[in-house]
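Each chain, letter by letter, is given below.
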Amino acid sequence: MSTRGRPAAPAPEEQAQGEALDRYHIAILAELQREARLSNAELAARIGLSAAPTWRRVKWLEEQGYITGYRAEIDRRKVGLGVLAFVRLDADRNNGAATKLLEDAIRQLPEVIACHYISGAGTFELQVMATDLDAFSRFSIDTLLNLPNVKDIHTSFSLGEVKAGAAMPLTHLHSLSNRAAAKTGA
């Protein structure tokens, strides 16, 4: 409490976190993308806050869905997954019920590591991992072509990764954070 009976203003690092991301939130996201195994103390030191507000901000980012999980990056070749294929899947029908059924079936396939609903030719673009070309061929014939509502598949193979597992770019958030801070006078 202040000497006049009013609560003291919170320190800048303790201020309420509104819906907008501030520079500390952005710094937390950037650091955790680089190294998710940082201790809270290490993270706090890197972003320039003390441990308690850093922990609260991480929890808030998790609760608000900005951070959706933590996982290890695994070298696919070291675990025997030598083939990375990009599969454009054409649906037989593009209506809501048929598409939902196909989406649900794709989500159940562990070999499919990513799936995007795409514009242009095709309906979905899949990233599929397999141990070798024979395993991929069996997966294509026995599984992909037998999914509900599949008309055809077209495959391209990765001949080498130039960049994979990169952190998301966050530079655009700095300008949004600065505009929000300017509006509030912070």
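Here the structure is a predicted model, which means the values were calculated and not measured.

(A) Region of the structure containing the environment of Ala 51. One can find Ala 51 in helix H3 (residues 51–63). Assessed through its relative accessible area of 36%, Ala 51 is described here as partly exposed.

(B) Main features of the sheet that holds strand S1 (residues 83–91). Spatially, S2-S3-S1-S4 is the arrangement adopted by the four strands of the open sheet, whose pairing is antiparallel. Two strands in the sheet have a free side with no partner beyond their single neighbour: strand S2 (112–117) and strand S4 (150–157). On average, each strand axis in the sheet is tilted by 20° relative to the strand beside it, whichever way the strands run. Where S1 lies against strand S3 (residues 124–130), seven bridges are found, and the strand directions are antiparallel. Counted as the bridge partner of Phe 86 is Gln 127 from S3. Sheet contacts for helix H4 (residues 96–107): S1, S2, S3 and S4; angle to S3, the most-contacted strand, approximately 20°.

(C) Spatial organisation of the pairing of S2. The sheet contact formed by S2 and S3 spans five bridges and is antiparallel. What sits directly across from Cys 115, in S3, is Leu 126. The antiparallel pairing of S2 with S3 creates a hairpin that spans six residues between the two strands, and Gly 120 there sits at a positive phi of about 80°.

(D) Region of interest: the packing of aromatic side chains. All chains considered together, the criterion is met by three aromatic pairs. Seen from their ring centres, Phe 136 and Phe 157 are 5.2 Å apart, and the 80° between their planes marks the pair as edge-to-face. Residue Phe 136 is located in helix H5 (residues 133–142), and its partner Phe 157 is located in strand S4; the two are separated by 21 residues in the primary sequence.

Rules behind the numbers
- Residues numbered from 1 in each chain as written.
- Predicted model: local features only at pLDDT ≥ 70, side-chain atom pairs only at ≥ 80, totals over all residues.
- Heavy atoms only, no water.
- Helix = DSSP H or I, 4+ residues; strand = E, 2+ residues; numbered from the N terminus.
- Buried < 20%, exposed > 50% of the residue type's maximum accessible area, 1.4 Å probe, protein only.
- Pairing = 2+ DSSP bridges.
- Axes fitted to C-alpha atoms, helices over the stretch in contact; angles between N-to-C directions.
- Contact = heavy atoms within 4.5 Å.
- Phe/Tyr/Trp six-rings, centres within 6.5 Å; stacked < 30°, edge-to-face > 60°.

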